[in-house]
Amino acid sequence: PLTNAYGTITIDAYLNNKETEGWAVYNTNQLTATGTADIGIAPVGDGMAGFNVTASGTEDTLIEVNIAGTLTDSSEEIYLITLDNVPDGFLVKYGADSGSAVLAQNAGLNGTTTIDGNTVNSNLWNIPISGGAMPGFIGIEPPANWSGTIPSVTVTVNSGETSGTNSQSKTLDIDVNPVADSVT
């Protein structure tokens, strides 16, 4: 099939056969056979080329989660983006940019993680997708005045055709650098 083509193709076969010998007595009738076959070609999610995720920032800010990569098949779309293992008290936001970012969908408790030496609950967050594309901005907002490392946050992007999805994930530690607050 053509690159990235999927669906059903129909093949019509036609066979015409007649055996002959040099003697007229042995000439046979002409035989004809036809047949049709449908061959299904399933779609395959190609995923994103150059997939990578990075994030770091300073306390008291909305820290951008940069998801890099390009869909390699123009007929594919992004269906789902998740951030997993986000500790309780940390918020995930998305939007066209950081100024318009709104709260993502917290799918709820999805395990525990260790942060600052303490075991805390962690959550799975879903980023709503519009028009099959990533939002312009995705970020994590730590609690006020918190700095340190958010360990093992897993960012997953699911993309593909209407079926035949591809899932790509990257787990990263997000460093939140301290900032001295002014004296009041």
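The rules we used
- Residues numbered from 1 in each chain as written.
- Predicted model: local features only at pLDDT ≥ 70, side-chain atom pairs only at ≥ 80, totals over all residues.
- Heavy atoms only, no water.
- Salt bridge = Lys/Arg side-chain N within 4 Å of Asp/Glu carboxyl O.
- Helix = DSSP H or I, 4+ residues; strand = E, 2+ residues; numbered from the N terminus.
- Buried < 20%, exposed > 50% of the residue type's maximum accessible area, 1.4 Å probe, protein only.
- Core = buried A, V, L, I, M, F, W, Y, C linked by side-chain atoms within 4.5 Å.
- Contact = heavy atoms within 4.5 Å.

**Quick notes on the pattern of salt bridges**
According to the stated counting rule, one finds one salt bridge in the structure shown. One salt bridge in this structure joins Lys-93 and Glu-141, with 2.8 Å as the shortest N-O distance. With Lys-93 in strand β6 (residues 91-95) and Glu-141 in strand β10 (residues 137-141), the pair connects residues that are 48 residues apart, well separated along the chain. For Glu-141, a relative accessible area of 27% puts it in the partly exposed group.

**Describing the environment of Asn-29**
Of note, Asn-29 is situated in the loop between β1 (7-17) and β2 (31-41). In this structure Asn-29 comes out as exposed when scored by relative accessible area, which is 67%. For the pair Asn-29 and Lys-18, spaced 11 residues apart in sequence, the C-alpha to C-alpha distance is 6.3 Å.

**Points about the nonpolar core**
By size, the foremost hydrophobic cluster in this structure holds 28 residues, and its most contacted members are Val-65, Ile-67, Leu-83 and Ile-140. When neighbours within four sequence positions are excluded, Leu-83 is seen to be in contact with Val-65, Val-92, Asn-123, Leu-124, Trp-125, Ile-127, Ile-138, Ile-140, Thr-154 and Val-155.

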